[in-house]
Amino acid sequence: MQRLITAREVLAGPVGQRIKDGAVLIDGDTITAAGPREEIERAADDDALRSDHPRHAILPGLINCHVHLAFNCGQHVVDELRATDDSALLLGMAGRAQQALASGVTTVRDLGDRDGLVFQVRAAVERGELLGPRILAAGPPLTPPLGHCWFLGGEVDGPEAIRERIRRNAALGADVIKVMASGGSLTPESVSMREEQFGVAELKLIVREARDAGLPVAAHAHGSDSIAAATEAGVDTIEHCTWMRTGGEGHDRRDDVARAMVERGVRACVATPAKWREFMQVIGPASARNVVQRLRWMDDLGVPLITGTDAGVSHRSGFGDFVEALELYEHVGFPLERIIELATTGSATGIGQGDRIGRIAPGYAADLLVVEGDPLSDLAALREIRLVLTAGRVVPLP
Ligand SMILES: [Zn+2]
């Protein structure tokens with residue numbers, strides 16, 4: 001059965017691709033046509049299921065490129081995770097996936113769960129038993145013994161263990177290999193966020209093994225040395241990309257490394273918490289300035305960006321507040337149309353899914369939103385969701 005959706009405007013995804021008085025035609029899980037309303041109406045079957053939205057915009061579903069379904073957005077996520085058995089954890093992960101979907105996020109990229117449970121959630125969505133977002137997942141992230149997030153099950157010690165872990169993650173069905181290139185704040189027992197956990201040689205090995213398995217690499221990196229090493233190794237995305245000075249204080253934004261990222265097509269996902277205003281108060285004025293300045297600086301140099309929030313890891317980053325995270329880009333000075341492009345087409349391309357999701361165009365997955373109002377004049381319109389489709393299925397809204 002075909003579905004015909006008309007609206008005041010269709011935002012196809014890329015900046016400048018807008019269709020006033022437009023429509024989208026869907027067959028099953030795929031968009032078959034998009035364009036001016038009258039033209040699409042003519043192309044539709046007489047019995048197509050029709051919905052009209054005259055004060056609304058249709059846009060591609062939003063993409064959160066950095067989440068952790070296994071973390072519960074609590075005050076003590078690590079302790080809570082470790083106190084949760086697998087079956088309870090699976091139910092929590094399914095619930096958080098559904099929460100993301102209801103907020104308009106039709107694709108999440110999970111960059112680290114416990115022991116690969118996320119692949120069961122993904123499989124339930126793919127079987128149609130769980131109405132969830134499209135899930136791309138890493139499984140257990142590679143980290144040194146007792147390194148950052150070691151309790152997720154991805155500890156590796158030496159080249160053979162690295163190869164073995166990547167093979168196992170690939171066999172579990174990983175869509176991406178995640179490596180904790182620097183320390184992180186969740187694991188006080190690991191090295192500091194500013195320091196490297198893996199050298200260039202190990203990161204190169206990880207990239208090579210991942211490529212052999214046909215997979216991209218996402219590297220968690222806060223310190224400048226780890227960002228430089230990950231870039232040299234040729235990873236696909238750098239997560240956080242905080243540019244903390246390694247072995248010192250403050251920040252160290254290196255133009256030469258950022259230029260190398262541009263040349264190699266290494267993308268940055270700053271993964272700032274959705275409640276970034278509150279987060280900026282906690283980290284203090286100097287780090288708060290860096291949150292804004294590094295985004296502007298990377299963008300000015302042409303570093304490709306993708307959107308993500310590290311959802312799950314704290315109470316400041318939930319699964320239902322992605323629009324709040326996008327408001328950071330508005331605060332930094334990005335035009336609204338560009339922000340929507342980043343969160344749809346740009347992120348889809350950045351995670352290797354640019355031919356499947358992130359656009360309203362024939363042949364693309366029927367993952368879309370209908371929102372009331374005009375998100376190009378006020379991003380808050382993205383909260384006025386009237387319809388969400390995931391692979392052509394209607395999502396019940398709260
Ligand atoms: Zn993360």
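For the structure, check the block above.
Just so you know, these numbers come straight off a predicted model, no measurement behind them.

Rules of the game
- Residues numbered from 1 in each chain as written.
- Predicted model: local features only at pLDDT ≥ 70, side-chain atom pairs only at ≥ 80, totals over all residues.
- Heavy atoms only, no water.
- Axes fitted to C-alpha atoms, helices over the stretch in contact; angles between N-to-C directions.
- Helix = DSSP H or I, 4+ residues; strand = E, 2+ residues; numbered from the N terminus.
- Parallel < 35°, antiparallel > 145°, perpendicular 65-115°, else oblique.
- Left-handed = near helix turned anticlockwise from the far one by under 90°.
- Contact = heavy atoms within 4.5 Å.
- Nonpolar A, V, L, I, M, F, W, Y, C, P; charged D, E, K, R; others polar.
- Core = buried A, V, L, I, M, F, W, Y, C linked by side-chain atoms within 4.5 Å.
- Buried < 20%, exposed > 50% of the residue type's maximum accessible area, 1.4 Å probe, protein only.
- Domains from an automatic or database assignment.
- Polar contact = N/O pair within 3.5 Å; in protein donor to acceptor, adjacent residues only side chain to side chain.

1. A word on the packing of helix 5 (residues 159–172) against helix 6 (residues 200–212)
Phase 1: Closest axis-to-axis distance for the helix 5/helix 6 pair is 10 Å, and the angle between their directions is 30°. Accordingly, the angle class assigned to the pair helix 5 and helix 6 is roughly parallel. Seen along the crossing, helix 5 lies across helix 6 with a hand that is right-handed. Side by side, helix 5 and helix 6 meet where Pro 159, Ile 162, Arg 163, Ile 166 and Arg 167 of the first sit next to Glu 202, Leu 205, Ile 206, Glu 209 and Ala 210 of the second.
Phase 2: The class makeup of the residues in the contact of helix 5 with helix 6 is six nonpolar, no polar and four charged.

2. Let's talk about the nonpolar core
Most often, soluble globular proteins keep nonpolar side chains buried together rather than apart.
Phase 1: Residues Leu 203, Ile 206, Ile 238, Trp 243, Met 261 and Met 298 are the most contacted members of the largest nonpolar core, which totals 103 residues.
Phase 2: Here this core gets seven residues from one element, more than from any other, and that element is helix 11 (residues 322–332).
Phase 3: Each of two domains, domain 1 (2–60 + 359–394) and domain 2 (62–350), supplies a minimum of three residues to this core.
Phase 4: The contact partners of Met 298, leaving out residues within four places of it in the chain, are Cys 241, Trp 243, Ala 268, Val 270, Val 303 and Leu 305.
Phase 5: The next biggest cluster of nonpolar side chains, apart from the first, holds 17 residues, and it includes Ile 5, Ile 31, Ile 360 and Tyr 364.

3. A short note on the environment of Asp 367
Phase 1: With respect to the helices and strands, Asp 367 occurs in the loop between helix 12 (336–350) and strand 13 (368–372).
Phase 2: Among the residues examined, Asp 367 registers a relative accessible area of 5% and is labelled buried.
Phase 3: The sequence separation of Asp 367 and Arg 122 amounts to 245 residues, and the corresponding C-alpha distance is 16 Å.
Phase 4: Those residues in contact with Asp 367, other than ones at most four positions away along the chain, are Pro 60, Gly 61, Thr 106, Thr 107, Arg 134, Ile 357, Leu 389, Thr 390 and Ala 391.
Phase 5: Separated by 2.8 Å, the side chains of Asp 367 and Arg 134 make a polar contact.

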